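One-letter residues, chain by chain:
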There are 2 protein chains.
Amino acid sequence: MPPTSEALTAERILEATEEVLRRHGPAKATVVDVARALGVSHGTVYRHFRTKAALREAVTKRWLDRTAEALSGIVDETDRDPETRLRGWLAGLFAAKRRKAGADPELFATYSVLATGLGGVVSDHLAELTGQLTRIIQAGVDTGVFATSDPGTAATAVFQATGRFHDPGYAKEWERPGAQAEFEAVVDLLVRGLRG
Amino acid sequence: MPPTSEALTAERILEATEEVLRRHGPAKATVVDVARALGVSHGTVYRHFRTKAALREAVTKRWLDRTAEALSGIVDETDRDPETRLRGWLAGLFAAKRRKAGADPELFATYSVLATGLGGVVSDHLAELTGQLTRIIQAGVDTGVFATSDPGTAATAVFQATGRFHDPGYAKEWERPGAQAEFEAVVDLLVRGLRG
């Protein structure tokens, strides 16, 4: 238990909340559990997050943001050609999801349940990811490797067409032998389609 | 209630089973309900289907086969070019699934539940559909409109990339405004990818 004298930041509360969710699951985890893990009163937690719902939303957003932040680095690798970045981004998303689901299936399932009830947080996350894809495809159009009149629509199509490899509903499929080869066949077809 | 003197075929039992499933749902429907709907004893039903599990498997297979049979007609329209057939086949699958889910959501949900427990029936169905797609793509390769070295792998990629538009887990998305346009954007990209 960390010393209470240490400044209690929102980030420390969210770390503790994730640990409580990992241990108790989404149905049983309470603000009192989070306060106990931090050695503070639940009033102290409520000073940072006004409701249990706000705390759940913030911890889910943090979980989703981690994936988006890791991928944003690939978008900005402007010294690499757009096709390589597109393949790297899609492979990075699949690998991150597979790693999260495989390394800690309970926490992955917990966040999948929480996300289901948080439409706004999820749609912001999907818009962020599709926006990153749009920037890569736009870069490909600018350099003449991709031929599409509407990079935003193409980005949504690529994201939806690869849903099997990032949508949590398919998590059980990701460890099947052949999943990686199937992923690569879909990506190859999409990249050829973008080249036009 | 049909007269009991009429010959009791397996098909009539399956029709009655579907009706019982529609009314009672998968958890409550029993062989006795099916026999009662037909005006026969449950022993008579068991002479055609040895167990309740066998009856459920047969009725689920019949439901899945209806979709596959409707689509097989498109595969055989050899007077139409393969790209048109491919687009028609994918649009036909999406339309059939959307119609089934929209017209009778309870029965659609019931079959989705039944199918989850019948891995073999489902994998046969998916192999049948992917086989149909393979034949269309092979025809495209033969006539020079598609450029792929492995039509079977390409068919699996096309089927998986369009999963959002036929996997029952996405049924709620199918009535959203924009779903049809999103479907068409994915298909356009895949067709361009197959042209190579």
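Since we're looking at a predicted model, the values are computed, not measured.

Some thoughts on the overall build of chain A
Phase 1 of the analysis: Scanning chain A from terminus to terminus reveals nine helices and zero strands.
Phase 2 of the analysis: When the backbone C-alpha atoms are referred to their principal axes, chain A occupies close to 60 × 35 × 25 Å.
Phase 3 of the analysis: Residue pairs in contact within chain A that sit at least 24 positions apart in sequence constitute 67% of those at least 6 positions apart.
Phase 4 of the analysis: Accessible surface, chain A: about 9400 Å² in total, of which carbon and sulfur atoms supply 55%.
Phase 5 of the analysis: When the 25 basic and 26 acidic side-chain charges of chain A are each reduced to a single mean position, those positions are 6 Å apart.

With respect to the relation of the copies chain A and chain B
Phase 1 of the analysis: Superposition record for chain A on chain B: RMSD 0.0 Å, screw rotation 180 degrees, translation along axis 0.0 Å. In short, the pair behaves as if placed about a two-fold rotation axis.
Phase 2 of the analysis: Looking at chain A, 100% of its interface residues are interface residues in chain B too, so the copies touch through the same face.

A look at the interface of chain A and chain B
Buried accessible area, meaning the area lost when the parts come together, often serves as the stated size of an interface.
Phase 1 of the analysis: On the side of chain B, 23 residues touch chain A, which itself brings 23 residues to the contact.
Phase 2 of the analysis: Across the chain A to chain B interface the summed buried area is about 1700 Å²; carbon plus sulfur atoms make up 59%.
Phase 3 of the analysis: For chain A, the biggest contributors to the area lost against chain B are Gln160, Leu189 and Arg192 of chain A; these three give 36% of the whole.
Phase 4 of the analysis: Remark: the boundary between chain A and chain B carries zero salt bridges.
Phase 5 of the analysis: Listing elements by their share of the side of chain A that touches chain B, those giving two or more residues are helix 8 (151–161) and helix 9 (179–195) of chain A.
Phase 6 of the analysis: In terms of residues, the side of chain A that touches chain B owes the most to one element, helix 9 of chain A, which gives nine residues.
Phase 7 of the analysis: Here the side of chain A that touches chain B is composed, by residue class, of twelve nonpolar, six polar and five charged.

A word on the environment of Lys28 of chain A
Phase 1 of the analysis: Among the secondary structure elements, Lys28 of chain A is positioned in helix 1 (residues 10–28).
Phase 2 of the analysis: Judged by relative accessible area, which is 66%, Lys28 of chain A ranks as exposed.

Structural notes on the nonpolar core
Phase 1 of the analysis: Among the nonpolar cores identified, the biggest contains 111 residues, and Trp89 of chain A together with Trp89 of chain B are the most heavily contacted of them.
Phase 2 of the analysis: The greatest single-element share of this core, amounting to nine residues, is contributed by helix 4 (residues 52–75) of chain B.
Phase 3 of the analysis: In contact with Trp89 of chain B, other than residues within four places in its own chain, are Leu71, Ile74, Val75, Leu129, Gln132, Leu133, Ile136 and Phe159 of chain B.

Remarks on the packing of helix 9 of chain A against helix 9 (residues 179–195) of chain B
Phase 1 of the analysis: The interhelical angle for the contact between helix 9 of chain A and helix 9 of chain B, taken along N-to-C directions, is 90 degrees, at an axis separation of 7 Å. It follows that helix 9 of chain A is roughly perpendicular to helix 9 of chain B by the angle criterion. The segment helix 9 of chain A lies against helix 9 of chain B, with Leu189, Leu190, Arg192, Gly193, Leu194 and Arg195 of chain A engaging Leu189, Leu190, Arg192, Gly193, Leu194 and Arg195 of chain B.

The rules behind each value
- Residues numbered from 1 in each chain as written.
- Chains lettered and ligands numbered in written order.
- Predicted model: local features only at pLDDT ≥ 70, side-chain atom pairs only at ≥ 80, totals over all residues.
- Heavy atoms only, no water.
- Helix = DSSP H or I, 4+ residues; strand = E, 2+ residues; numbered from the N terminus.
- Contact = heavy atoms within 4.5 Å.
- Areas by Shrake-Rupley, 256 points an atom, 1.4 Å probe, with all protein chains shown as cover.
- Lys, Arg positive; Asp, Glu negative; His and termini not counted.
- Charge placed at Lys NZ, Arg CZ, Asp CG, Glu CD.
- Least-squares fit on C-alpha atoms with pLDDT ≥ 70 in both.
- Buried area = accessible area lost by both parts, 1.4 Å probe.
- Salt bridge = Lys/Arg side-chain N within 4 Å of Asp/Glu carboxyl O.
- Nonpolar A, V, L, I, M, F, W, Y, C, P; charged D, E, K, R; others polar.
- Buried < 20%, exposed > 50% of the residue type's maximum accessible area, 1.4 Å probe, protein only.
- Core = buried A, V, L, I, M, F, W, Y, C linked by side-chain atoms within 4.5 Å.
- Axes fitted to C-alpha atoms, helices over the stretch in contact; angles between N-to-C directions.
- Parallel < 35°, antiparallel > 145°, perpendicular 65-115°, else oblique.

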